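Residues per chain, in single letters:
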Amino acid sequence: MNRVALDPSHSVLVSASAGTGKTYLLVSRVLRLLLEGCPPESILAITFTRKAAAEMRERVLARARALALADGPALDVELRALGIAA
């Protein structure tokens, strides 16, 4: 995953073909922004369809839930995947 795209200090535009991991990257960035203290109401993620927006929302919630419930080693792995040192 592109570390620059996850870094809250950079603005990014994600554009790629279907099946390349755009949704995963965007969800990871939203989670990173939230973990860095960004207010949820200040995050804007634009999709082409309501279905895609709903899928992104569900993925953010599912991964946030998984982070909240993760034990030490699993949490470290997840945080490193988001570009955060454990």
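About the criteria used
- Residues numbered from 1 in each chain as written.
- Predicted model: local features only at pLDDT ≥ 70, side-chain atom pairs only at ≥ 80, totals over all residues.
- Heavy atoms only, no water.
- Helix = DSSP H or I, 4+ residues; strand = E, 2+ residues; numbered from the N terminus.
- Buried < 20%, exposed > 50% of the residue type's maximum accessible area, 1.4 Å probe, protein only.
- Areas by Shrake-Rupley, 256 points an atom, 1.4 Å probe, with all protein chains shown as cover.
- Lys, Arg positive; Asp, Glu negative; His and termini not counted.
- Charge placed at Lys NZ, Arg CZ, Asp CG, Glu CD.
- Expected span 1.5 Å × (residues − 1).
- Contact = heavy atoms within 4.5 Å.
- Axes fitted to C-alpha atoms, helices over the stretch in contact; angles between N-to-C directions.
- Parallel < 35°, antiparallel > 145°, perpendicular 65-115°, else oblique.
- Left-handed = near helix turned anticlockwise from the far one by under 90°.
- Nonpolar A, V, L, I, M, F, W, Y, C, P; charged D, E, K, R; others polar.
- Core = buried A, V, L, I, M, F, W, Y, C linked by side-chain atoms within 4.5 Å.
- Salt bridge = Lys/Arg side-chain N within 4 Å of Asp/Glu carboxyl O.

A.B. asks: Can you tell me about the overall build of the protein, naming the residues and giving the values?
C.D. replies: Summing up its helical and strand segments, the protein has 4 helices and 0 strands in all. The N-to-C order of helical and strand elements in the protein reads α-α-α-α. Projected onto its principal axes, the C-alpha positions of the protein cover 35 × 25 × 25 Å. For the protein, with 86 residues in total, the buried portion stands at 20%. Split by element, the accessible area of the protein, about 6,000 Å² in all, is 59% carbon and sulfur. One finds the centroid of the 11 positive side-chain charges in the protein at a distance of 8 Å from the centroid of its 8 negative side-chain charges.

A.B. asks: Give a detailed account of helix α2 (residues 22–35), specifying residues and quantitative values.
C.D. replies: Helix length check: α2 (14 residues) gives 20 Å between terminal C-alpha atoms against 20 Å at 1.5 Å per residue, within 8%. The inward-facing, buried residues of α2 abut α1 (3–6) and α3 (50–69). Trailing α2 by a residue or two, Gly 37 shows a phi angle of about 95°, which is positive.

A.B. asks: So what about the packing of α2 against α3? Which residues, and what values?
C.D. replies: Across the interface, α2 lies against α3 with an axial gap of 10 Å and an inter-helix angle of 55°. By the angle between their directions, the pair α2 and α3 is classed as oblique. For the pair α2 and α3, the crossing hand works out as right-handed. Counting all contacts with α2, which are made through Thr 23, Tyr 24, Leu 26, Val 27, Ser 28, Val 30, Leu 31 and Leu 35, the residues of α3 involved are Glu 55, Met 56, Arg 59, Val 60, Arg 63, Ala 64 and Leu 67. For the contact of α2 with α3, a count of residues per class yields 10 nonpolar, 2 polar and 3 charged.

A.B. asks: For the environment of Gly 83, give the residues involved together with the corresponding values.
C.D. replies: By the element assignment, Gly 83 lies in the segment after α4 (72–81). When the C-alpha atoms of Gly 83 and Glu 36 are compared, they prove to be 11 Å apart, with 47 residues separating the residues in sequence. Residue contacts for Gly 83: discarding those within four places in its chain leaves Arg 3, Leu 6 and Arg 32.

A.B. asks: I'd like a rundown of the nonpolar core, residues and numbers included.
C.D. replies: For soluble globular proteins, nonpolar side chains are generally found buried alongside one another. In this structure, Val 27, Val 30, Leu 31, Met 56, Val 60, Leu 67, Leu 79, Leu 82 and Ile 84 together form the largest nonpolar core, which totals 9 residues. Contact partners of Val 60, with chain neighbours within four places excluded, come to Val 27, Val 30 and Leu 31.

A.B. asks: Help me get a handle on the pattern of salt bridges, residues and values and all.
C.D. replies: Within this structure, the stated rule accounts for 2 salt bridges. Its salt-bridge partner being Arg 32, residue Glu 36 comes within 3.1 Å of it at the nearest N-O pair. Overall, the relative accessible area of 11% leaves Arg 32 in the buried class.

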